[in-house]
Amino acid sequence: DIKKVYYNKIIDNEDKIKYRLFFKKLVYGELLDIDFQFESTGTKRLLKILPFLLSSVVSKDRTVVIDEIESGIHDLLMDNILNNLHGSIKGQLIITTHNTLLLESKQYKDNIYVFNLDKDANKELIPLSDFDERIHPNLNIRKRYLGGLYGGVPMPMDIDFEELAEIMDYKEGK
């Protein structure tokens, strides 16, 4: 729905120029000017990471690292962006994510790593390709990951919020 991104220039009484980022968006069939500050978290995040994604495309000498790339961005949109980007990367793009949907993409299956913790909480980064005997084109890698076959899955625990509120002496209105 975004048709154009531009800066609105305002000259104040002291002859200082202030720039505000705007989007020209199609909203209910009408083209409107929307101040960037009113945009969604996902749109803001996407605009923030775009220069880094482009940087991975323009030079074979660049390594780009983006932590939590999907933060605020819809999982289907992020999957589409990474699939479009995949063949164009000249440098190296390293991303971290909690978006398990990305495990279903055939495009970058050979580039997926999982962090595992041992009993002493030492972290080890393991490529999914180390699990060759557990990877087959007809198997759902995401489902197997969530089932704990590759490690790296958080261990959910029950939280008794009433007990926690008592411990913290949390009272209504505080």
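The shown structure was predicted, so the numbers you read here are calculated from the model rather than taken from an experiment. Counting of residues starts from 1 at the beginning of each chain's written sequence and follows it residue by residue. Whole-chain, interface and lining totals are the exception, using all residues; otherwise, since this is a predicted model, local features are given only for residues with pLDDT of at least 70 and side-chain atom pairs are given and counted only at 80 or more. To get the side-chain values, take all heavy atoms of the structure and skip hydrogens and water.

Caption draft 1: Examining the pairing of strand S6 (residues 113–117) more closely. When a residue's accessible area, from a 1.4 Å probe over protein chains only, is under 20% of the maximum for its type it is buried; when over 50% it is exposed; and in between it is partly exposed. Only DSSP runs of H or I reaching four residues or more are called helices, and only runs of E reaching two or more are called strands; each is numbered from the N terminus. Side chains of S6 alternate between two faces, with Val 114 and Asn 116 buried and Tyr 113, Phe 115 and Leu 117 left unburied. Strand pairing is assigned whenever DSSP identifies at least 2 bridges connecting the two strands. As judged from the five bridges shared by S6 and strand S7 (residues 123–127), these two strands associate in the antiparallel manner. Within the sheet, the bridge partner assigned to Tyr 113 lies in S7 and is Pro 127. Where S6 folds back on S7, the antiparallel hairpin that results is connected by five residues, among which Ala 121 adopts a positive phi of roughly 65°.

Caption draft 2: Representation of the nonpolar core within the structure. Among the nonpolar cores identified, the biggest contains 12 residues, and these are Ile 49, Leu 53, Val 64, Ile 66, Ile 69, Ile 73, Met 78, Ile 81, Leu 82, Leu 85, Leu 102 and Tyr 108. If you list the elements that add at least two residues to this core, you get helix H1 (41–58), strand S4 (63–66) and helix H2 (75–86). The dominant element in this core, judged by the number of residues it contributes, is H2, at four residues. Not counting chain neighbours up to four residues away, the residues in contact with Leu 82 comprise Ile 69, Ile 95, Leu 102 and Tyr 108. In this text, buried Ala, Val, Leu, Ile, Met, Phe, Trp, Tyr and Cys residues form a nonpolar core when linked through side-chain atoms within 4.5 Å. Val 114, Phe 131, Ile 141 and Tyr 150 belong to the second largest nonpolar core, which has nine residues in total. Throughout, a contact is declared for two residues whenever any of their heavy atoms are within 4.5 Å.

Caption draft 3: A look at the side chain of Thr 43. Here Thr 43 is to be found in helix H1. Within the structure, the side chain of Thr 43 is placed 3.0 Å from the side chain of Ser 40, a separation counted as a polar contact. Among residues more than four places away in sequence, those in contact with Thr 43 are Ile 2 and Phe 23. The definition of a polar contact used here is a pair of N or O atoms within 3.5 Å, where within protein one atom must be able to donate a hydrogen and the other to accept one, and adjacent residues in sequence count solely through side-chain atom pairs.

Caption draft 4: Fine view of a negative patch on the surface. A contiguous patch of negative charge on the surface is contributed by Asp 160, Glu 162, Glu 163 and Glu 166. Position of Glu 166 among the secondary structure elements: in helix H4 (residues 161–167). Within the patch definition used here, like charges are joined within 9 Å and nonpolar side chains (Val, Leu, Ile, Met, Phe, Trp, Tyr) within 5 Å, considering only residues with over 30% relative accessible area and no salt bridge. Values of accessible area rely on a 1.4 Å probe in the Shrake-Rupley scheme; residue burial ignores everything except the protein chains shown. A carboxyl oxygen of Asp or Glu within 4 Å of a side-chain nitrogen of Lys or Arg is what we treat as a salt bridge. By the counting scheme adopted, Arg and Lys are positive, Glu and Asp are negative, and His together with the chain ends is not counted. Every charge is mapped to an atom, namely NZ of Lys, CZ of Arg, CG of Asp or CD of Glu.

Caption draft 5: Seen up close, the packing of H1 against H2. Every axis corresponds to a line fitted to the C-alpha atoms, with the helix fit spanning only the stretch in contact, and the corresponding angles, defined between N-to-C directions, vary from 0 to 180 degrees. Put simply, H1 and H2 touch, their axes get as near as 12 Å, and they point 20° apart. Taken together, H1 and H2 sit at an angle that is classed as roughly parallel. Along this stretch, H1 crosses H2, giving a crossing that reads as right-handed. On H2, the residues that touch Leu 46, Ile 49, Leu 53, Ser 56 and Val 57 of H1 are Leu 77, Met 78, Ile 81 and Leu 85. Grouping the amino acids of the contact of H1 with H2 by side-chain chemistry returns eight nonpolar, one polar and no charged. Should an angle fall under 35 degrees it is called roughly parallel, over 145 degrees roughly antiparallel, and 65 to 115 degrees roughly perpendicular, with every other angle called oblique. For any pair of crossing helices, the crossing counts as left-handed if the nearer helix is rotated counterclockwise from the farther one by less than a right angle, and right-handed if it is rotated clockwise. When residue character is reported, Ala, Val, Leu, Ile, Met, Phe, Trp, Tyr, Cys and Pro are called nonpolar, Asp, Glu, Lys and Arg charged, and the others, Gly included, polar.

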